[in-house]
Amino acid sequence: MLPITTAGRRASGLRVRLPVGEDGVVKIVELCNRPTYLGTIIDWNLKAWPKPDRNQDEVKLRIFGKGIGNQLPQTLILEEKDEPIGYSTLIYYEKGLLTGRLHWIDAVYVKPERRKKGLGSKLIRAAEKKAGELNISELFALTDLPVLYHKLGWSTVEAHSDGTIVSKRIGS
């Protein structure tokens, strides 16, 4: 994976406070700053997107890489009361060189009991913000929920049997 630098910006500076009512405050933190969450995130990923040929090491590499805050992959954790409740991951997709689709939101996950409260949208917005900090000009995602992305200004690129590819220009 190629390093993406933040051009002098602090990698750990992404903290967005998101009020969610009586449960307290949720915030976005980078996985590189909360490595103790890695096992939980790997478990969520394997359960949400099961494939017989995937293992924990492969998922760790895909969502954590070398765990450096100014390089992709970059996983953003939605945290409440020092507990993870969701995450999104930005990745560099090498096969995207052929199509010009290099940077992707690889996963957006919210714990089932916390869904339908706008938290998935907040994770996508946080990924967009982080992409802008990394000077990424366009993001792609393969999703089963294109309507969610459309509400956030994303456009459909193409539909497949395994989902819809959507994209958004960042910082324009």
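For the structure, see preceding data.
Residues numbered from 1 in each chain as written. Predicted model: local features only at pLDDT ≥ 70, side-chain atom pairs only at ≥ 80, totals over all residues. Heavy atoms only, no water.

Concerning the overall build of the protein
Test applied: Helix and strand definitions here come from DSSP, where helices need a minimum of 4 consecutive H or I residues and strands a minimum of 2 consecutive E residues; each element is numbered from the N-terminal end. Only protein chains enter the accessibility calculation, which uses a 1.4 Å probe. A residue is then buried if its area is under 20% of the maximum for its type, exposed if over 50%, and partly exposed in between. Residue contacts are defined here by distance: any two heavy atoms, one from each residue, within 4.5 Å place the two residues in contact. A 1.4 Å probe and the Shrake-Rupley method give the accessible areas. Residues count as covered only by the protein chains that appear here.
Looking only at helices and strands, the protein features four helices and eight strands. Helices (α) and strands (β) of the protein occur, in sequence order from the N terminus, as β-β-α-α-β-β-β-α-β-α-β-β. Taking all 172 residues of the protein together, 46% fall into the buried category. For the protein, long-range pairs separated by at least 24 residues make up 57% of all intrachain contacts whose partners lie at least 6 apart in sequence. Element-wise, carbon and sulfur atoms account for 51% of the exposed surface of the protein, whose accessible area totals about 9400 Å².

Quick word on empty space enclosed by the protein
The line we're drawing: Two kinds of site are reported from a 1 Å grid over the protein atoms alone, namely cavities, where a 1.4 Å probe fits but cannot get out, and pockets, open sets with protein on both sides within 12 Å along at least five of seven lines, and residues are called lining when an atom falls within 4 Å of a point. Grid points are joined across faces, edges and corners, and a volume is the space filled by probe spheres set on the points.
For the structure shown, the criterion picks out one cavity of 30 Å³ or more. The volume enclosed by the largest cavity comes to roughly 50 Å³. Leu31, Cys32, Ile63, Phe64, Gly67, Ile68, Pro73, Gln74 and Thr75 together form the lining of the largest cavity. Among the secondary structure elements, those contributing two or more residues to the lining of the largest cavity are α2 (56–64) and β3 (74–80).

Some words on the packing of aromatic side chains
Quick note on the threshold: Only centres within 6.5 Å qualify two rings of Phe, Tyr or Trp (six-membered ring in Trp) as a pair; their planes then separate them into stacked at under 30 degrees, edge-to-face at over 60, and tilted for everything else. Geometrically, a charge over a ring is one whose NZ (Lys) or CZ (Arg) sits within 6 Å of the ring centre while staying within 35 degrees of the ring normal.
Per the stated rule, a full pass over the model turns up seven aromatic pairs. On the numbers, 6.1 Å between centres and 35° between planes, the contact of Tyr87 with Tyr109 is tilted. Here Tyr109 lies in strand β5 (residues 103–110) and Tyr87 lies in strand β4 (residues 83–92), a separation of 22 residues in the sequence. Each member of the pair, Tyr87 together with Tyr109, is buried. Summarising the aromatic geometry, the rings of Tyr149 and Trp154 are spaced 5.0 Å apart at their centres and angled 75° between planes, so their arrangement reads as edge-to-face. Overall, Trp154 belongs to the buried group, its relative accessible area being 4%. Linked through ring pairs, Trp44, Trp49, Tyr87 and Tyr109 together constitute an aromatic cluster. In this structure, Arg115 packs its charged tip against the face of Tyr109, placed 5.2 Å from the ring centre.

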